[in-house]
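# Summary of structural features
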Amino acid sequence: MISLLYLSFLSIFPVFAWIFLGAILVRCLPRLHNVYRFGEKFVFYIGIPGILFITASKIEPSEALTATYSIAGIVATLSALLFSWGFARWRNYDIEQTGIITQAGYRANLGIIGLALCASTFGEKGLALAALPVAVWTLLFNVLAVAVLNAAYGVPFALRPLIRNLIRNPLIIGITLGFVAALSSVELPANFYRAGSAFTALVIPLSLIFLGGAIDLKPSRRSQQALVLATTIRLLFAPALALLIFLLMGVREVELGVSFLLLSGPVAAASHIMVAARGGDAKLAANIVVLSTALAPFTITAGLFLLRYFAFI
């Protein structure tokens with residue numbers, strides 16, 4: 001049991017160590033702010049899309065269309081959204097706070113932390129298996145975020161701007177090009193994949209460091225109950241609900257482990273950006289990102305340990 005717990009610890013904590021290192025460096029060395037801003041753009045527009053292209057290009061198209069674990073993730077995401085919204089309303093949170101809590105409840109950080117966890121725990125196989133759900137779930141997350149925040153702030157749903165934003169999303173572009181490469185008859189050379197492995201090994205730690213530099217470490221005391229509730233749903237209830245759905249749908253082994261790591265992570269930083277763009281309580285949204293990031297290493301380690309202890313992965 002101790003060895004399983006230690007193995008889970010070794011898989012999870014190095015990922016978050018990079019994040020906390022980034023948070024410390026940017027505050028100890030203020031001159032790094034410009035480097036961080038450039039690094040964030042590099043990671044978002046080139047680094048992570050490049051990794052997703054490489055991994056998606058290895059996917060077998062026939063398997064992608066029938067992947068149970070990807071479908072189960074859609075069911076789990078919708079279930080987490082409905083649970084978060086219903087519970088927040090039942091607890092009498094106002095409609096705007098309900099929107100923030102709901103977005104935090106279902107929206108994990110797939111593109112950076114999720115991929116890093118899969119790579120750290122399962123290596124290249126984990127990255128390859130993560131490419132499909134990251135593509136599908138990233139699309140789903142963005143559509144649902146627009147719908148949830150529109151409902152929370154009384155904004156009519158507009159399909160055209162949503163589609164325009166989605167087709168401009170670098171992550172979706174990277175995955176789409178990877179799928180095109182997988183579907184085509186052109187086989188990418190082995191040297192490309194060797195270079196891709198080195199590129200992945202460089203980009204993932206950098207992306208985590210730059211993510212750490214963007215974290216606000218000065219949370220306010222306002223909306224503390226909403227902060228605790230949103231973090232609890234994101235790190236405990238949503239992963240537990242997702243695991244139940246995955247197990248009921250027959251997902252096991254590495255697919256189950258990858259799915260758990262993707263959907264059990266802290267709240268995506270984009271959730272804060274979208275709330276701020278609506279003129280909502282951006283501080284609350286940012287604090288949820290901070291607190292969930294600080295606590296996620298412990299909850300994910302515990303979940304991974306349980307999955308290994310009961311021989312599900």
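Look up: the structure comes first, before these words.
Attention in this report is confined to the structure presented alongside it.

Cut-off values and rules
- Residues numbered from 1 in each chain as written.
- Predicted model: local features only at pLDDT ≥ 70, side-chain atom pairs only at ≥ 80, totals over all residues.
- Heavy atoms only, no water.
- Helix = DSSP H or I, 4+ residues; strand = E, 2+ residues; numbered from the N terminus.
- Polar contact = N/O pair within 3.5 Å; in protein donor to acceptor, adjacent residues only side chain to side chain.
- Core = buried A, V, L, I, M, F, W, Y, C linked by side-chain atoms within 4.5 Å.
- Buried < 20%, exposed > 50% of the residue type's maximum accessible area, 1.4 Å probe, protein only.
- Contact = heavy atoms within 4.5 Å.
- Phe/Tyr/Trp six-rings, centres within 6.5 Å; stacked < 30°, edge-to-face > 60°.
- 1 Å grid on protein atoms, 1.4 Å probe; cavity = no way out; pocket = protein on both sides within 12 Å on 5 of 7 lines; lining within 4 Å.
- Points joined across faces, edges and corners; volume = space filled by probe spheres on them.
- Nonpolar A, V, L, I, M, F, W, Y, C, P; charged D, E, K, R; others polar.
- Patch = residues over 30% accessible without salt bridge, like charges linked within 9 Å, V, L, I, M, F, W, Y side chains within 5 Å.
- Areas by Shrake-Rupley, 256 points an atom, 1.4 Å probe, with all protein chains shown as cover.
- Salt bridge = Lys/Arg side-chain N within 4 Å of Asp/Glu carboxyl O.
- Expected span 1.5 Å × (residues − 1).
- Bend = angle between axes of the 7 residues up to and from the residue.

## Re the side chain of Thr-293
By secondary structure assignment, the location of Thr-293 is in helix α13 (residues 282-309). For Thr-293, the side chain forms a polar contact with the main-chain oxygen of Val-289, separated by 2.6 Å.

## Some points on the nonpolar core
The biggest cluster of nonpolar side chains holds 89 residues, and the ones touching the most others in it are Phe-16, Phe-246 and Leu-261. The element contributing the most residues to this core is helix α6 (residues 110-153), with 24 residues. Non-local contacts of Leu-261, meaning those with residues more than four positions away in its chain, are made with Ile-12, Gly-114, Leu-117, Cys-118, Thr-121, Phe-122, Ile-300 and Leu-304.

## A look at the packing of aromatic side chains
In this structure the tally under the stated criterion is nine aromatic pairs. With a centroid separation of 5.5 Å and 50° between ring planes, the pair formed by Phe-87 and Trp-90 is classed as tilted. Taken together, the positions of Phe-87 and Trp-90, both in helix α4 (residues 68-90) and three residues apart, correspond to about one turn of that helix. The interplanar angle of 75° and the centroid separation of 5.5 Å between the aromatic rings of Tyr-106 and Phe-141 together place this pair among those described as edge-to-face.

## Section: the side chain of Thr-301
In this fold, Thr-301 is placed in helix α13. For Thr-301, the side chain forms a polar contact with the main-chain oxygen of Pro-297, separated by 2.6 Å.

## Some points on the layout of surface pockets
Of the pockets and cavities examined, the largest pocket occupies roughly 1,300 Å³. As for the largest pocket, its lining consists of 44 residues, and the residues nearest its centre are Phe-44, Arg-107, Ala-269, Ala-270 and Ile-273. Sorting elements by how many residues they give to the lining of the largest pocket places α6 first, with eight residues. A breakdown of the residues in the lining of the largest pocket according to their chemical character gives 30 nonpolar, nine polar and five charged.

## What to know about a nonpolar patch on the surface
Where nonpolar side chains cluster on the molecular surface, the patch consists of Ile-71, Val-75, Leu-244, Leu-248 and Met-249 and spans about 460 Å² of accessible area. Within the residue set of the nonpolar patch, elements represented by two or more residues are α4 and α10 (224-248). Looking at the secondary structure, you find Met-249 in the loop between α10 and α11 (253-263).

## Quick word on empty space enclosed by the protein
If you walk through the whole model with that rule in mind, you get three cavities of 30 Å³ or more. In this model, the largest cavity occupies a volume close to 60 Å³. Lining the largest cavity are Ala-76, Thr-77, Ala-80, Gly-105, Tyr-106, Arg-234, Ala-238, Ala-242 and Leu-263. Class assignment of the residues belonging to the lining of the largest cavity gives a composition of six nonpolar, two polar and one charged. Taken as a whole, the second largest cavity holds about 40 Å³ of empty space. Considering the residues around the second largest cavity, the lining is formed by Ile-100, Gln-103, Ala-104, Val-267, Ser-271, Val-275 and Ala-285.

## Focus on α13
Here α13 spans 39 Å end to end across 28 residues, near enough to the 40 Å set by a 1.5 Å rise per residue. Of all the bends found along α13, the most pronounced is centred on Ala-296 and spans about 45°, while Pro-297, a proline, follows it within four residues. At the C-terminal side of α13, Ala-311 shows a positive phi close to 60°.

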